[in-house]
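Overview (structure and organization)
Chain residues, written in single-letter form:
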Amino acid sequence: MIEVLEPGPLCTVQDLGRPGFAALGVARSGAFDRGALRLANRLVGNPDGAAALELTLGGLQLRFAASATVALTGAACPGAPDWDAPVSLPAGATIRLGSPARGLRSYLAVRGGVSLAPVLGSCSTDTLSGLGPAPLRRGD
């Protein structure tokens, strides 16, 4: 279990989206930087399209109740244990990320993925349509 201590400006769950539903008025959605999402997932041994956290402008603070292997990719944020590499965290570890000096979106993948019920085949948050999980809040 992961506890959100602080979500930052915007933190959502994203995967590769919902392709194939445009005729029904459903946008693809999904990660803005699909390459960074794929890399984060590969680094922790997940399938490329597994759900992960997408951080906009950093600021994310998490506490891990159990040990976990994570990877951070995309816009590099200060405070990260490492970037573009898998990192093993012990139970009780916290991550406190600052704002990136360059770039906008960062990705945090956890080995085993983020477990949510898919909506139209995706776990992505779509803030325009309201599909998928709500953006993360303190205490989630």
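Here, the structure is the one placed above.
Residues numbered from 1 in each chain as written. Predicted model: local features only at pLDDT ≥ 70, side-chain atom pairs only at ≥ 80, totals over all residues. Heavy atoms only, no water.

**Description of the side chain of Thr 73**
Of note, Thr 73 is situated in strand β5 (residues 68-74). By relative accessible area, which is 1% here, Thr 73 ends up buried. A distance of 2.7 Å separates a polar side-chain atom of Thr 73 from the backbone oxygen of Ala 36. (Helix = DSSP H or I, 4+ residues; strand = E, 2+ residues; numbered from the N terminus. Buried < 20%, exposed > 50% of the residue type's maximum accessible area, 1.4 Å probe, protein only. Polar contact = N/O pair within 3.5 Å; in protein donor to acceptor, adjacent residues only side chain to side chain.)

**Digging into unusual backbone geometry**
In this structure, Asp 84 takes a positive phi of about 60° despite not being glycine. Relative to the elements of secondary structure, Asp 84 occurs in the loop between β5 and β6 (86-89). Despite not being glycine, Leu 120 shows a phi value in the positive range, around 55°. Within the element layout of this structure, Leu 120 appears in the segment after β8 (105-110). Accessibility expressed as a relative area gives 39% for Leu 120, which makes it partly exposed.

**Observations concerning the sheet that holds strand β1 (residues 2-6)**
Across the sheet, which stays open at both edges, the three strands sit in the order β1-β4-β7 with antiparallel pairing between neighbours. Sheet topology places β1 and β7 (94-96) at the edges, where each strand pairs with a single neighbour. Sheet twist, expressed as the average angle between the axes of neighbouring strands with direction ignored, equals 20°. Bridge count between β1 and strand β4 (residues 61-64): four bridges; the pairing is antiparallel. Looking at β4, one finds that Glu 6 is bridged to Gln 61. (Pairing = 2+ DSSP bridges. Axes fitted to C-alpha atoms, helices over the stretch in contact; angles between N-to-C directions.)

None of the figures reported here should be taken as evidence of function without further support.
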